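Inside the fold
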Amino acid sequence: MNKNSSNIMALAPTTSNRRETVCIFGTGDFGRALGHKMIQSGYPVVFGSRSTQTSSLIPKGAEVLSHTEAAQKAAVIIIAIQRQHYNFLTPLTEILHGKVLVDVSNNLKINEYPESNAEYLAQLVPGAKVVKAFNTVSAWALQSGTLDASRQVFVCGDDMEAKQTVMNIVRALGLTPLDQGSLLAAQEIENYPLQLFPMWKFPILLSFGLAAFFFFYCLIRNVIYPYVYENKDFSFFIAISIPNRICPILALVLLALVYLPGVLAAIIQLYRGTKYRRFPDWLDKWMLCRKQLGLVALAFASLHVLYTLVIPIRSFVRWRTSSQIISQVLNNKTEPLNTTNAWLSDSYLALGILGFFLFVLLGITSLPSVSNNVNWREFRFVQSKLGYLTLILCTAHTLVYGGKRFLSSSSYRWYLPNAYMLSLVVPCMVLVVKFVLIFPCLDKPLTRIRQGWERNPQYSE
Amino acid sequence: MNKNSSNIMALAPTTSNRRETVCIFGTGDFGRALGHKMIQSGYPVVFGSRSTQTSSLIPKGAEVLSHTEAAQKAAVIIIAIQRQHYNFLTPLTEILHGKVLVDVSNNLKINEYPESNAEYLAQLVPGAKVVKAFNTVSAWALQSGTLDASRQVFVCGDDMEAKQTVMNIVRALGLTPLDQGSLLAAQEIENYPLQLFPMWKFPILLSFGLAAFFFFYCLIRNVIYPYVYENKDFSFFIAISIPNRICPILALVLLALVYLPGVLAAIIQLYRGTKYRRFPDWLDKWMLCRKQLGLVALAFASLHVLYTLVIPIRSFVRWRTSSQIISQVLNNKTEPLNTTNAWLSDSYLALGILGFFLFVLLGITSLPSVSNNVNWREFRFVQSKLGYLTLILCTAHTLVYGGKRFLSSSSYRWYLPNAYMLSLVVPCMVLVVKFVLIFPCLDKPLTRIRQGWERNPQYSE
Amino acid sequence: MNKNSSNIMALAPTTSNRRETVCIFGTGDFGRALGHKMIQSGYPVVFGSRSTQTSSLIPKGAEVLSHTEAAQKAAVIIIAIQRQHYNFLTPLTEILHGKVLVDVSNNLKINEYPESNAEYLAQLVPGAKVVKAFNTVSAWALQSGTLDASRQVFVCGDDMEAKQTVMNIVRALGLTPLDQGSLLAAQEIENYPLQLFPMWKFPILLSFGLAAFFFFYCLIRNVIYPYVYENKDFSFFIAISIPNRICPILALVLLALVYLPGVLAAIIQLYRGTKYRRFPDWLDKWMLCRKQLGLVALAFASLHVLYTLVIPIRSFVRWRTSSQIISQVLNNKTEPLNTTNAWLSDSYLALGILGFFLFVLLGITSLPSVSNNVNWREFRFVQSKLGYLTLILCTAHTLVYGGKRFLSSSSYRWYLPNAYMLSLVVPCMVLVVKFVLIFPCLDKPLTRIRQGWERNPQYSE
């Protein structure tokens, strides 16, 4: 922007009409793809290359010149070359003085070098204004025009004007520039395309660990125990019955773990009497991955729903139903309707349905396009009020499912309680503490602390 | 933008390189959070405060000065102070003359004061250019960087240049400014963060009202009637059976209510012979909450699906099935396959599945990120054509479900018809009227009216 | 932007404060709606019209003048007139010289005229700077403020400065301008609002064709065959049983067709030894509609899930279950649990559940707002790794479903194999070829080719 307006003054107003020439160093895959896109968007493009021979792969309309000649033609030079070859730029330092150098490079490993490629470039060519950009865009996406994943281009640099110039180019290519601040951010920007769901790592590892534990727990109770004592082969439980025990347990535990850090934070704040001291590091990290924890919990809940709904189709279940009926007939014994059982069965199903329904609602509101359309109060309402309601319903669903079995000794095999009992520990704890925190004698000071009040203020305005 | 370019001329071109100092009045929670974020984004920040003592809470790199000194250092002053304390600004009127004052305040209640805080500020400091902004952003979100809910910052103000300056700051902080026009919009912007789903209020209240009505209706027919006449305790129907009657009824009625206002509007337009007279107020409001009505209907439809799919798992249903089989065996009576029943059962299930499938499709296309990616014709096609198809399928599903029971007197208890019959009234009405409106003799004039034609034009171009 | 800054110089800096007058030619529906919106956003608006009589429909605050007078008042003139009447502009050529003319027109058919309306306008008024914009916005949406569908305004034009001016107006109205390049793009922009899901046409036609084929195939095998040989009326299979055979078959075949072009492309690249030669046209088109193919497959998979879950509720299935039990009782024969059957039944259900779960996950990540938030590596991971895992699980689900029936001759009726066998051909082919391509002797050269290496390079840098 400012770039343009200073040009208006320096040259003639009419030249603001044309887009300025952009120079690209390097005729590799990415350089050519970027050049192609720029020509489409109306930029004159010159390539700087060791050999100035034009090949059929160079986009039509672009010139290929020596590095020196090409650099002289443009104020913006895109360095589409790998970091290992950057030192060829040292002799060009004088020509590059005052130019905008755009570093588009990526590495193969996270934190491969001590300093980012862009900072390294800035050291090599001290007089130039280095801007980091375009490293998150793939050559293939530029060529094919299918920019489904990440239209976002992270831009950083120490020179405000140079950054603006680059951001204008990004916008002209139909992409969205995101200003990430000074060149110090380059390291993070270079790591970004190498990341693979970093926020999801902890929730997924945790759930795999818990799943493995509960799998073996259920295997012992439900397959090995009957095999040892009753010589019955229930190995096929591995396919559906055991997963359908693991999934609801994980869903409930993970959902409780979403709300546990908030409760812990409240206790810490109440104890400290201030909100201005940092939480321990583990709590901070935990709070930042709550959304991911919740979505993993939702995934397990959905699997639980599917596993439950196929129950009547299962060959084993159909066999069991018909044998029960046949044995009733043969014993000439008809059972009357047990209203208590009907109540228990229907209410645990109803609680599960409502809990799952609210859970899906929470999941939908965490979609970026939905959460962008609600205000802060609405977002808090959904994620906190509805979230706790979901936790209450799901915990109640599990408690009613247990029903009368809690105290019956027959449900203990090898002194192991039913797996669902273990799953109730964390959610009940969270709900009890939350319930205590609602009492006015605790809620009032907490609200004041969160509004900035301090019990022992360390400063006075 | 313009701000910058005038500075270029006034001062030296090189200063455009640095971000301009921003002053923040008030060192409270929000002021500090905003200051912190601004320093991160490269803005020099000075705080104006009653006491100039720097506390540990003031973000690093910021200066704390007296209000007068701080104001002199910057062209943009953010007033992070509550409205009640605004009058301390009156003595500063001269220093603030020509400055951009950004009002970031919120109230505790909707329409708490006769005029908005920003307008009040503009009256207090007549020479300043007041801009309303940042009130939708929470201090917590600014500090933690988790700006999930609303990255959008509504901006309004009477001075175009001042507004542009503030919008540039908003963009630099990584947020999205939305220009809402003149300072008259401030009232609405200040109410925005206090709202709790205002568009959803009517649909949710309506559905709760209908749900309560149908709950008691079904309670009388299905629980109290058998208890009185047959002394049977079916109270457990409250958990699943009755909700599974209420949900489909509400889904169907609400879906029909989505299409009813469009049909009414067509009749009104045909009757008036013009589209240029406003609809009655209630119709306008109704039309604006059609999306919400439809989504609430979809929620009930989803619950209906879940309630229906758990039927075979219910303890009561399993008991009923086995008693039926046992009684057949004991009576030595085997029923042959009734093909008509098989047809009815299968086709109402198939209609329900297809209707629900289309309903979910409608829901998905109403997600903001999906509807932004379709053109107007496609959006209309989905919301109108597919919407009516959904309504037809769901109505047919209910009609076939009724099957032969419509005229059988045994389905009337205490002269009350089955609840699903009541639910058919509105959808059938909408479909019949819509069918009539499709006839060319009505469709042609309607299309012409909607393209701007008038039967009795009141003006001639 | 540049526009504004040059005005700053020409006039006085303070005028930059007000928005510039915009002129609209034509007082029709769209012209008035646009004028209304512009006045709301702070633009002074003049209408140019044949008759200068102000009607009650003209938005308040707008002036109505003759075309000549109106044009002189503004630098930007919006031509809200149909193409057929454009020639009235010829006498105004001199007044319009140097002005920005915004063509907002649409046609009734795709490619109705040899050249786009905007290019036609540019020919008629050679001295003006023609910009195409606003044609994707509907008058109704502008008036009612419900811009759910497409806030995006495509803008194209040969004059960069004129385009910037128009894009600023678009932004000021709260819409999102998208620069589409030179006026050559106008044809495409004019066709855009007339399109009806062009990318979906092929996948939907293909699936309808396949659905029709499999419908008649299953009709012959499952309804006509038993009617002819056993005189049984299974016509009600048309409602659920046959759709529930067609849906999983289509889901599996279409999912395989999503991954087939990638496999073909790899073979072509390996054979040619370069990635720089274009693929055949059909392959290119196929690759561009993979997302749509996948979503149609997901739709069929969802229908399959719903059809499967209602099985136990079906009247026919309940009749069949009870007759089987009764016949067992009457024959005094109780079957023991068949563990192999339990294993087969449970594992094909479990495979189906996991496959569907991953399929839904793929669907969610293809939502625009989700895919915008992942980087390229994550997007590739989900769409390729998870996609192949989904294909493997779904194919395994079908294979285990077949179980022991593959070789049993009783499953061939009129020499026709079961329909699910046909559905396995494409997915097995894709999986086998993909498996072969993973071997290092093929994977290594392929990776090098995709990074830009060529077996027979045609040029040297």
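Conventions we followed
Residues numbered from 1 in each chain as written. Chains lettered and ligands numbered in written order. Predicted model: local features only at pLDDT ≥ 70, side-chain atom pairs only at ≥ 80, totals over all residues. Heavy atoms only, no water. UniProt positions renumbered as here; feature names shortened; annotations may be inferred. Helix = DSSP H or I, 4+ residues; strand = E, 2+ residues; numbered from the N terminus. Contact = heavy atoms within 4.5 Å. Buried area = accessible area lost by both parts, 1.4 Å probe. Salt bridge = Lys/Arg side-chain N within 4 Å of Asp/Glu carboxyl O. Polar contact = N/O pair within 3.5 Å; in protein donor to acceptor, adjacent residues only side chain to side chain. Nonpolar A, V, L, I, M, F, W, Y, C, P; charged D, E, K, R; others polar. Pairing = 2+ DSSP bridges. Axes fitted to C-alpha atoms, helices over the stretch in contact; angles between N-to-C directions. Buried < 20%, exposed > 50% of the residue type's maximum accessible area, 1.4 Å probe, protein only. Core = buried A, V, L, I, M, F, W, Y, C linked by side-chain atoms within 4.5 Å. Domains from an automatic or database assignment. Least-squares fit on C-alpha atoms with pLDDT ≥ 70 in both. Phe/Tyr/Trp six-rings, centres within 6.5 Å; stacked < 30°, edge-to-face > 60°. Lys NZ or Arg CZ within 6 Å of the ring centre and 35° of its normal. Expected span 1.5 Å × (residues − 1). Patch = residues over 30% accessible without salt bridge, like charges linked within 9 Å, V, L, I, M, F, W, Y side chains within 5 Å. Areas by Shrake-Rupley, 256 points an atom, 1.4 Å probe, with all protein chains shown as cover.

Summarizing the sequence annotation, UniProt attributes the feature "domain: Ferric oxidoreductase" (unreviewed entry) to residues 249–394 of chain A in the numbering used throughout. Secondary structure over residues 249–394 of chain A splits into 81% helix and 0% strand, and the C-alpha atoms at its two ends are 10 Å apart.

So, about the interface of chain B and chain A. Counting residues at the interface gives 59 residues for chain B, matched by 57 residues for chain A. Summing both partners gives a buried area of about 5,500 Å² for chain B against chain A, and 66% of it is carried by carbon and sulfur. One can count 1 salt bridge joining chain B with chain A. Taking the shortest distance from any N to any O, the salt bridge between A:Asp346 and B:Arg314 comes out at 2.7 Å. Inspection of the region where chain B meets chain A yields 5 residue pairs in polar contact (both at pLDDT 80 or more). With 8 residues, the single largest contributor to the side of chain B that touches chain A is helix H13 (residues 315–330) of chain B. Each residue belonging to the side of chain B that touches chain A can be placed in one class, and the counts come to 33 nonpolar, 18 polar and 8 charged.

Attention now goes to the sheet that holds strand S3 (residues 63–65) of chain A. Residues and elements named next belong to chain A. On the basis of which strands lie adjacent, the open sheet formed by 8 strands has the order S3-S2-S1-S4-S5-S6-S7-S8 and mixed pairing. Strands with a single pairing partner mark the edges of an open sheet, and in this sheet they are S3 and strand S8 (176–179). Strand after strand, the sheet turns through a mean of 30° between neighbouring axes, direction not considered.

Further remarks concern the UniProt feature "transmembrane region" (unreviewed entry) in chain A. All names here are of chain A. Listed under "transmembrane region" (unreviewed entry) in the UniProt record, and renumbered for this structure, are residues 204–229, 249–271, 292–313, 347–365, 386–407 and 419–442. From the first C-alpha to the last, residues 347–365 spans 27 Å; its make-up is 100% helix and 0% strand. With 92% helix and 0% strand, the stretch residues 419–442 has end C-alpha atoms that lie 34 Å from each other.

Let us look at the interface of chain B and chain C. Residue-level contacts link 57 residues of chain B with 59 residues of chain C. Contact between chain B and chain C buries roughly 5,500 Å² in total, counting both sides, with carbon and sulfur atoms accounting for 66%. Between the two partners, chain B and chain C, sit 1 salt bridge. Residue assignment for the side of chain B that touches chain C shows that the elements contributing at least two residues are helix H1 (2–10), helix H7 (160–172), helix H12 (290–309), H13, helix H14 (339–365), helix H15 (368–371) and helix H16 (376–402) of chain B. Top element by residues in the side of chain B that touches chain C is H14(B). It accounts for 13 residues. Residue classes in the side of chain B that touches chain C are distributed as 28 nonpolar, 16 polar and 13 charged.

Sheets are built from strands that pair by backbone hydrogen bonding, the pairs being arranged parallel or antiparallel. Residue and element names in this part refer to chain C. Pairing within the open sheet is mixed, and its 8 strands lie in the order S3-S2-S1-S4-S5-S6-S7-S8. Each edge of the open sheet carries a strand with a single partner, namely strand S3 (63–65) and strand S8 (176–179). Sheet twist, expressed as the mean angle between neighbouring strand axes with direction ignored, is 30°. Relative to S8, strand S7 (residues 152–157) runs parallel, the two sharing 4 bridges.

This brings us to the pattern of salt bridges. All names here are of chain A. Summed over the entire model, instances satisfying the criterion amount to 27 salt bridges over all chains. Here Asp-284 ties to Arg-278 by a salt bridge, and the two come within 2.8 Å at their closest N and O atoms. On the basis of relative accessible area, Asp-284 is assigned to the partly exposed category, the value being 23%.

A:Leu391, B:Leu391 and B:Val430 are the most contacted members of the largest nonpolar core, which has 226 residues in total. Apart from residues lying up to four places away in sequence, A:Leu391 is in contact with A:Leu252, A:Leu255, A:Ala256, A:Tyr259, A:Pro427, A:Val430 and A:Leu431.

Take the domain arrangement of chain A next. Considered domain by domain, chain A is made up of domain 1 (22–194) and domain 2 (198–331 + 338–451). In this structure, domain 1 of chain A and domain 2 of chain A have C-alpha centres spaced 49 Å apart.

Mapping chain B onto chain A calls for a screw motion: a turn of 120° about the axis and a shift of 0.1 Å along it, with 0.1 Å RMSD after fitting. This pairing of chains is accounted for by a three-fold axis. Nearest to the rotation axis, the C-alpha of B:Ser369 is located 3.2 Å from it, this being the minimum over chain B.

Let's shift gears to the packing of aromatic side chains. Residues and elements named next belong to chain A. In the structure shown here, the tally under the stated rule is 60 aromatic pairs over all chains. Consider the rings of Phe-154 and Tyr-192, whose centres lie 4.9 Å apart with planes at 70°: the pair is edge-to-face. Of the two residues, Phe-154 sits in strand S7 (residues 152–157) while Tyr-192 sits in the loop between helix H8 (186–191) and helix H9 (198–230), which places them 38 residues apart along the sequence. Here Phe-154 and Tyr-192 have matching classes, each one buried. Pairing Phe-237 with Phe-316 gives two aromatic rings, centres 5.6 Å apart and planes at 70°, and the pair type is edge-to-face. Highlighted residues: Phe-237 in the loop between H9 and helix H10 (243–272) and Phe-316 in helix H13 (residues 315–330), separated in sequence by 79 residues. Overall, Phe-316 belongs to the buried group, its relative accessible area being 6%. Taken together, the aromatic side chains of Phe-234, Phe-236, Phe-237, Phe-316 and Trp-319 make up a single cluster linked through ring pairs. One cation-aromatic arrangement involves Arg-83 over Tyr-113; the distance from NZ or CZ to the ring centre is 3.7 Å.

Another point: the environment of C:Phe208. Turning to its location among the elements, C:Phe208 is positioned in helix H9 (residues 198–230). Along the chain, C:Phe208 and C:Pro126 lie 82 residues apart, while their C-alpha atoms are 49 Å from each other.

This paragraph deals with H13(B). Its 16 residues place the ends of H13(B) 22 Å apart at the C-alpha level, agreeing with the 22 Å of an ideal helix rising 1.5 Å per residue. Among all positions in H13(B), only B:Ser315, B:Phe316, B:Val317, B:Ser322, B:Ile325, B:Ile326, B:Gln328 and B:Val329 are buried. Looking at the buried residues of H13(B), the elements they touch are H13 and helix H14 (339–365) of chain A together with helix H13 (315–330) of chain C. Of the residues trailing H13(B), B:Asn332 is marked for its positive phi of about 55°.

A grouping of A:Ile220, A:Ile224, A:Val228, A:Tyr229 and A:Trp414 is seen on the molecular surface, where their side chains present a nonpolar patch of about 460 Å² in accessible area. With respect to the helices and strands, A:Ile224 occurs in helix H9.

Attention shifts here to the pairing of strand S1 (residues 22–25) of chain C. Residue and element names in this part refer to chain C. Here S1 shows two buried faces, one formed by Val-22 and Ile-24 and the other by Cys-23 and Phe-25. As judged from the 4 bridges shared by S1 and strand S2 (residues 45–48), these two strands associate in the parallel manner. Across the sheet, the residue bridging to Cys-23 is Val-46, located in S2. As defined by bridge partners, S1 adjoins strand S4 (residues 76–79) across 4 bridges and the pair is classed as parallel. Among the inter-strand pairings, Val-22 is bridged to a residue of S4, identified as Val-76.

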